[in-house]
Amino acid sequence: MVDVPEMYADAVRAEREALWRLVDEARGLAKVDDLAGMRALAKEIRRRLAAGNDLDRTGGHLGSHVGDISAALDEAYDEAFPVRSPDDPAEVLDAPWPTVRRTALLAAAVDHVGWPKPPLEPLAERAIAANDVRLLRLLVLTPLGRAGRDTVVRILDALQVADALDVKVIERAFADDAYLGRAIGGHSLTGSAVTSAPAACAAVVRDYFDELAWRLTSPSEANWEDLPEVLVPRGLRFLLRALDRPHDRRMADRFGLAELTDDERSALVEHLRDRAAEERRRAFELRLPAGDAAVLLPVLGLSGAAPLLRLVRATATPEVARQDRAAILAAVRQAGDDGTRRLLELCPSELIAAALGWNRAAVEKRVKHNALSGIAAFGLLPLAGGETVLDRYLALREVAKRGSKFGPNRRHSHSAAVAVALDHLAQVAGFPDAGRLEWDCEARIAAEAPGDWHVGDYTVGVRLRDADPIVTVSKAGRTLKSVPAAVRTDPRYTHTREHQERLRDQARRMRTGMIERLVATGGTLTPDELLRLRRLPSGQAMLPALIWQDRTGTVGLLDQIDLDGPVTAAHPFLLYKRGLLAHWQAEIVRRRIRQPVKQAFRELYLVTPAERDAVDVSRRFAGHTVDGRVAGQLLSGRGWSTHDQYDEHQATRPVTAGLTAALACELPGYFGGGDVVVGELRFLAAGSAVPLAEVPPVAFSEVMRDLDLVVSVAGTEPHGYASPLHAASRAQLLAALIDDLGLARVTVDGTSALIHGSRATYRVHLTSGSIHVEPGGYLCVVPASFGDTAHRSLFLPFADEDRMTSVILSKVLLLNEDEKITDPAILAQLDPPA
């Protein structure tokens, strides 16, 4: 045993000696033909092998040092239990020891080759169909092969129907799988409702379990090791036993949840009336997870607290959820102040206590640590003295900003907690919903402007430049380029800067939140909603820059359409479908409108012929390798949830009501664990894939846009990934600029720009920005700074950050004026010496 660490060598040696003694015993029983003794001994040997392989005792090294022992046992058991009919599965299975020969015969019977142990499912199907009771019993009792949990339950069901299910079979089934109760059904240890009907064998199995649980725990030292997991006993006697043994934690966990009938609950109440207060309290705590603790409230002197208890239990979930403040306050009134405090001592609830303002300091501390339930509770706190609704709203907005530092899924849950907190604050402030609260607070931010003020000869104020608030300082009617020291040191300047930042944050929320969502979904605003948005400085600046469709179908800017009915933000698919996309791209450039988000020049993704042929799966981005951490952050920022490698799909995003985008990936555990290979994309409705041609085009385009961005930005391939849709968008923008600026030398040729300069003809690739000189087509190497500064004539009609587009199109405009190029390195390539 040279390969066994010294610390385990003695234990492994001792186990081997004990096993060899059992081998000798087996040989002795075989000589006297004691088959019953050999069956019992085989059970002991299997138990000894399992115990001997314990990590604490032998470090798990015993299993690799029993080959000789197994061979000796095989010889003894093959001699005592010969296989007389190799073609009979029951004959093969009917043995107490899994010898190599019997395992090989079983593998042949089920057509299985190699590791692991042969599956029993094929034989189970045959036995169930034929109602072969002998084979069904042997499939559970045999030590050969392996059967899945669901298969074992189906066998037990078949035996129950045949009236052949007995304790011996049930006992062996649980010995092999202590968690078999999960598949059998009934109550779980959490007291939660089952998701499917109990198995046909459940009643018989639970009778066995109840008898076993009572017997194993009758001694003062209960034998928990032999009691199957998951199942919960039935009857008041189990709960009373748990009450009699207050220091046995496992008994509290298992028997405290005992299933009770209505009569047994009534009997429990009568039993507790004359008991000590501590026992009554303990009984209440034991029944909380069982869900019927409310029947014990009268014996605790809390008769009116049942509605409050229901609300307390509703808040005791890991998911942060909206609470009804009015219902909480009504339940508190019914329970009374003293009753409420006593109940919260028995089963604390951060949210209930927050609604009453009883735990303000604790909640505020948890918010600082970004605790999700603490954030939700923060919204429920009553306003403190001097605190306004706007103060709390702004505080929650600051909390929301902290979510950006988290990983993908945590970022989602953080955002969801803030949304719940805003809903709670709306209830505290008396608004009908969180949306109305936000409208009101955003309007207050704009209204609470400090106004212009004066210090010496200077006038200071905040002005909007597009949607960007700018602090302006003027003197004698002339705006200064910098802020003088006299202004900076004035206390009012700090308030002005704070107001500027609030307006800046408001504009950011408006652009990246509401307006991006409107355009990405083709969302609609009612006249009232539009009016409220336009009252905000950022809304007044941004909304007129968007293209809309009114209720009559007219497409235009806000001043061109009917505003008396609902208006819809025009997704580029709508413009494309109506043949208006190129027109509006040219119009936006001609009018020099800088849209707050990409709309007219937003990348548009349509279902390809290959995707139509594939019916319900897209492989457009399959095979691309991306940095998992970066990809996870990008997906999270666009509403995706990421999952681990064992889930069916590794990233999902709800796109419309009832429709979810589901992306499969190859990843090392989770998205942050290393590189990720993008796989197939499907759209699911009720768990089933939807044909891509039936997916709403706007939803399809936006999902594809997300994935294109991920592959473009997070890609790890050596030569990078050139998005054809990004190039197409640049080509559309360039075409509009050519027309607007009258660039006679420039034409668009597919995904390239062709420039007929005065020194040469150039081809600029709109994906990479590389420049080739024609007719030879050789690469023109330009300094890294070439095009780095936006050309004076370049206009980007969107506020989104897109440096690559700026650089590429600036190169085109510079080459259009190549007679003005003075860089020697470029000129040497264009005018080589003779």
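Computed from a predicted structure; not experimentally measured.

1. A look at the overall build of the chain
1) Next: For the chain, the count of helices and strands is 37 helices and 19 strands.
2) Next: For the chain, the C-alpha radius of gyration of 37 Å lies well beyond 28 Å, the compact-globule estimate for 834 residues.
3) Next: The principal-axis extent of the C-alpha atoms belonging to the chain is close to 115 × 85 × 60 Å.
4) Next: Looking at the 834 residues of the chain, the share that counts as buried comes to 47%.
5) Next: Within the chain, contacts between residues separated by at least 24 positions form 62% of all contacts whose residues are at least 6 apart in sequence.
6) Next: As presented, the chain carries roughly 40300 Å² of accessible surface, and 52% of it is formed by carbon and sulfur atoms.
7) Next: One way to put it: in the chain the 102 positive side-chain charges average out to a point 6 Å from where the 113 negative ones average out.

2. Considering the packing of helix H31 (residues 581-590) against helix H35 (residues 724-741)
The axes of two packed helices give the description: the angle between them and the distance between them.
1) Next: Axis separation between H31 and H35 bottoms out at 9 Å; the angle between their running directions is 55 degrees. In terms of orientation, H31 lies oblique with respect to H35. The hand of the H31/H35 crossing is right-handed. Mapping the contact onto sequence places Leu-581, Gln-585, Ala-586, Val-589 and Arg-590 in H31 and Gln-732, Leu-733, Ala-736, Leu-737 and Asp-740 in H35.
2) Next: Looking at the contact of H31 with H35 residue by residue, the class counts come to 6 nonpolar, 2 polar and 2 charged.

3. A few points about the confidence of the model for the chain
1) Next: Per-residue pLDDT for the chain averages 89, and the proportion of residues at 70 or more is 97%.
2) Next: Across residues 186-195, where pLDDT falls below 50, the model places 16 contacts with residues more than four positions away in sequence or in other chains.

4. A closer look at the nonpolar core
1) Next: The biggest cluster of nonpolar side chains holds 112 residues, and the ones touching the most others in it are Leu-93, Leu-139, Leu-156, Phe-284, Leu-343 and Tyr-393.
2) Next: Ignoring any residue separated from it by four or fewer positions in sequence, one finds Tyr-393 in contact with Leu-422, Leu-425, Leu-437, Glu-438, Cys-441, Glu-442, Ile-445 and Arg-509.
3) Next: Counting residues in hydrophobic clusters, the runner-up holds 44 residues, among them Val-555, Ala-570, Ala-600 and Ile-738.

5. Observations concerning the environment of Gly-687
1) Next: Along the chain, Gly-687 turns up in the loop between strand S13 (675-685) and strand S14 (688-689).
2) Next: Assessed through its relative accessible area of 65%, Gly-687 is described here as exposed.
3) Next: Sequence spacing of Gly-687 and Val-420 is 267 residues, and the spatial spacing of their C-alpha atoms is 28 Å.

6. Focus: the sheet that holds strand S5 (residues 524-525)
1) Next: A sheet is described by the order of its strands in space; here 4 strands give the open sequence S5-S8-S6-S7, paired in antiparallel fashion. Among the strands making up the open sheet, the edge pair consists of S5 and strand S7 (555-556).
2) Next: By the bridge criterion, 2 bridges tie S5 to strand S8 (residues 567-569) in an arrangement that is antiparallel. Pairing of Leu-525 across the sheet is with Val-567, part of S8.

7. Some remarks on the sheet that holds strand S2 (residues 458-465)
1) Next: With antiparallel pairing, the 4 strands of this open sheet are ordered in space as S1-S2-S3-S4. Each edge of the open sheet is held by one strand with a lone partner, namely strand S1 (453-455) and strand S4 (478-479).
2) Next: Pairing of strand S3 (residues 468-475) with S4, which is carried by 2 bridges, proceeds in the antiparallel orientation. Bridging across to S4, Ser-474 finds its partner in Thr-479.
3) Next: Each of S1, S2 and S3 touches helix H27 (residues 491-521); the most contacted strand, S3, lies at about 150 degrees to it.

Reading the values: the criteria
Residues numbered from 1 in each chain as written. Predicted model: local features only at pLDDT ≥ 70, side-chain atom pairs only at ≥ 80, totals over all residues. Heavy atoms only, no water. Helix = DSSP H or I, 4+ residues; strand = E, 2+ residues; numbered from the N terminus. Rg over C-alpha atoms; globule rule 2.2 N^0.38 Å. Buried < 20%, exposed > 50% of the residue type's maximum accessible area, 1.4 Å probe, protein only. Contact = heavy atoms within 4.5 Å. Areas by Shrake-Rupley, 256 points an atom, 1.4 Å probe, with all protein chains shown as cover. Lys, Arg positive; Asp, Glu negative; His and termini not counted. Charge placed at Lys NZ, Arg CZ, Asp CG, Glu CD. Axes fitted to C-alpha atoms, helices over the stretch in contact; angles between N-to-C directions. Parallel < 35°, antiparallel > 145°, perpendicular 65-115°, else oblique. Left-handed = near helix turned anticlockwise from the far one by under 90°. Nonpolar A, V, L, I, M, F, W, Y, C, P; charged D, E, K, R; others polar. pLDDT = per-residue confidence, 0-100. Core = buried A, V, L, I, M, F, W, Y, C linked by side-chain atoms within 4.5 Å. Pairing = 2+ DSSP bridges.

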